[in-house]
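Residues per chain are reported as follows:
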Amino acid sequence: MRFSSIAVSLALASSAIAAPSKPKPNDDCDDSLYKSMKKAGRSFIGTALTIRTNETREQEIVKADFNSFTPENAMKWESTEPSRNNFTFEDADRYAAYAKKNKLQIHCHNFVWHSQLPAWVSNGGFDNKTLIAIMENHIKTLATRYKDVCTRWDVVNEALNDNGTYRSSVWYDTIGDAFLPIAFRFANKYVSKNTELFYNDYNLEYNSNKTAGAARIVKLIKSYGVRINGVGYQAHLTSEATSSSPSPTPDQKTLETALRATSDLGVDVVYTEVDVRMNTPSTPAKLKVQADAFERIAKSCIAVKRCIGMTVWGISDKYSWIPGVFPSEGAALLWDDKYVKKPAYSGFLKGIESRNN
Ligand SMILES: *[C@@H]1O[C@H](CO)[C@@H](O)[C@H](O)[C@H]1NC(C)=O
Ligand SMILES: *[C@@H]1O[C@H](CO)[C@@H](O)[C@H](O)[C@H]1NC(C)=O
Ligand SMILES: *[C@@H]1O[C@H](CO)[C@@H](O)[C@H](O)[C@H]1NC(C)=O
Ligand SMILES: *[C@@H]1O[C@H](CO)[C@@H](O)[C@H](O)[C@H]1NC(C)=O
Ligand SMILES: *[C@@H]1O[C@H](CO)[C@@H](O)[C@H](O)[C@H]1NC(C)=O
């Protein structure tokens, strides 16, 4: 999925955060995603976040339902080091401040990726040694600056092809598969000891060849004696066959098997970018099918001991990346475009609470 490379960097409004408003009667405390997740003994429920100060409902929802977020674009290489050793932190700093102010975890995203990578890196023609030095300088600068706010870091993002082989990129083509342990070694050197280091990729949820590739990566990094704490399963899924994806969200057992393929190696697993899209417009029947898919996803996490949390890729369908990338698809999130909870919200919550059933 190439959406992230097309993701529009939405202009951020001022850093002022809307004042908290009184919770509505139906936003009762038990009805909270992250509180239920904590009751299940896990760490977090997060959302991808683009701070929009004019959307006060969004601010209320973050407070009520989430204890973690992933900055959608602000920490990516093109945003933070647009030219060599010229770091631009205005946007990323705003997210760090937002996390501190609202006492939220940040899933920091990301250090090393082939996409949203400026041309000065990808087309620079650097030799192995120089490229590794560029990588270290980038990781060092970000890791140090956000040392006290990053709960987790995606150290390497999307290094695999769908058939499980390594993707061709400036990193792999120049350094070889050693770029993975090298990136994790630098990350470990500069982040806080409490920050968890993740490998993150998509289609790991049902493509067993790619899942095996992720397991190979965990073993490779460990074979270098380097710390890796977890694997992120993006989980950009569908509730029905669409032209962008013929295979809808698999059954719970398949999802659990995929999570265990890496968690059995002694690392944590998380769903990092969950959304479940459909052919639009939605209908009540389709929304029910979607709710069941969200429930299965949450249940699979709760069933796997080392699944420590889940992040959904946005709050309201109003701002989802999907229609812009896959026309006539969307309605993929837990709140509709008016910020009303969808059946998917109840399904997701039910899945989180499945341990108590
Ligand atoms: C907030 O701003 C965005 C972008 O300018 C706009 O699309 C959206 O409708 C605004 N939301 C509200 C509630 O005014
Ligand atoms: C650093 O990057 C920014 C954003 O691209 C640019 O406006 C600025 O001129 C650059 N500064 C230097 C010293 O290259
Ligand atoms: C795996 O996929 C990549 C990218 O599509 C392709 O270049 C490569 O030849 C494939 N390898 C095998 C063994 O199928
Ligand atoms: C690049 O250098 C690293 C670190 O010395 C090494 O592990 C890796 O194998 C080298 N890659 C190539 C293609 O020579
Ligand atoms: C995995 O790869 C094998 C051999 O290339 C192929 O036959 C099989 O269809 C692939 N499985 C999946 C789930 O893609």
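Just so you know, these numbers come straight off a predicted model, no measurement behind them.

The next subject is unusual backbone geometry. Note the cis peptide between His109 and Asn110, where omega equals -5 degrees. Structurally, Asn110 is set in strand S3 (residues 105–112). The phi dihedral of Gln116 falls on the positive side, at around 45 degrees, and the residue is not glycine. With respect to the element layout, Gln116 can be found in the loop between S3 and helix H6 (119–122). Note on Gln116: relative accessible area 7%, which makes it buried. Its identity as a non-glycine residue notwithstanding, Ala331 has a phi of 50 degrees, on the positive side. Tracing the backbone through its elements, the reader meets Ala331 in the loop between strand S10 (329–330) and helix H14 (343–352).

Let us now look at the environment of Arg216. Structurally, Arg216 can be placed in helix H10 (residues 208–223). Assessed through its relative accessible area of 34%, Arg216 is described here as partly exposed. Considering only alpha carbons, one finds Arg216 and Pro248, 32 residues apart in sequence, at a separation of 26 Å. Among all residues touching Arg216, those that are not within four sequence positions of it are Leu160, Gly164, Thr165 and Tyr166.

Taken together, the residues surrounding ligand 2 are Pro82, Ser83 and Asn86. Between ligand 2 and Asn86 there is a distance of 2.3 Å, counted from an oxygen atom to a side-chain nitrogen or oxygen. Relative to its unbound accessible area of 360 Å², ligand 2 is 28% covered by the protein chains.

Let's shift gears to the pattern of salt bridges. If you walk through the whole model with that rule in mind, you get 18 salt bridges. Between Arg57 and Glu60 there is a salt bridge whose closest N-O contact spans 2.9 Å. On the criterion of helical spacing, the pair formed by Arg57 and Glu60 is a turn pair, its members being three residues apart in helix H3 (residues 56–65). Salt bridges sharing partners connect three or more residues here, namely Asp162, Asp201 and Lys210.

Attention now moves to the packing of aromatic side chains. Applying the stated criterion across every chain, the model contains 14 aromatic pairs. When the centroid spacing of 5.8 Å and the interplanar angle of 80 degrees are considered together, the rings of Phe89 and Tyr146 count as edge-to-face. Here the residue Phe89 occupies a position in the loop between helix H4 (77–80) and helix H5 (90–102), and Tyr146 occupies one in the loop between helix H7 (128–145) and strand S4 (150–157), the gap between them amounting to 57 residues. A single burial state applies to Phe89 and to Tyr146, both of which are buried. With 5.3 Å between their ring centres and 65 degrees between their planes, Trp335 and Tyr345 make a pair best called edge-to-face. Of this pair, Trp335 sits in the loop between S10 and H14 while Tyr345 sits in helix H14, placing them 10 residues apart in sequence.

Our next topic: the packing of H10 against helix H11 (residues 252–263). Following both chains from N to C, one finds H10 and H11 inclined at 20 degrees, their axes separated by 8 Å at the closest point. Viewed along their axes, H10 and H11 adopt a mutual orientation that is roughly parallel. The handedness of the crossing between H10 and H11 is right-handed. In contact with Thr211, Ala214 and Ala215 of H10, H11 contributes Ala258, Ala261 and Thr262. Within the contact of H10 with H11, the residues separate by chemical class into four nonpolar, two polar and no charged.

Rules used throughout
Residues numbered from 1 in each chain as written. Chains lettered and ligands numbered in written order. Predicted model: local features only at pLDDT ≥ 70, side-chain atom pairs only at ≥ 80, totals over all residues. Heavy atoms only, no water. Helix = DSSP H or I, 4+ residues; strand = E, 2+ residues; numbered from the N terminus. Buried < 20%, exposed > 50% of the residue type's maximum accessible area, 1.4 Å probe, protein only. Contact = heavy atoms within 4.5 Å. Near = heavy atom within 4 Å. Polar contact = N/O pair within 3.5 Å; in protein donor to acceptor, adjacent residues only side chain to side chain. Areas by Shrake-Rupley, 256 points an atom, 1.4 Å probe, with all protein chains shown as cover. Salt bridge = Lys/Arg side-chain N within 4 Å of Asp/Glu carboxyl O. Phe/Tyr/Trp six-rings, centres within 6.5 Å; stacked < 30°, edge-to-face > 60°. Axes fitted to C-alpha atoms, helices over the stretch in contact; angles between N-to-C directions. Parallel < 35°, antiparallel > 145°, perpendicular 65-115°, else oblique. Left-handed = near helix turned anticlockwise from the far one by under 90°. Nonpolar A, V, L, I, M, F, W, Y, C, P; charged D, E, K, R; others polar.

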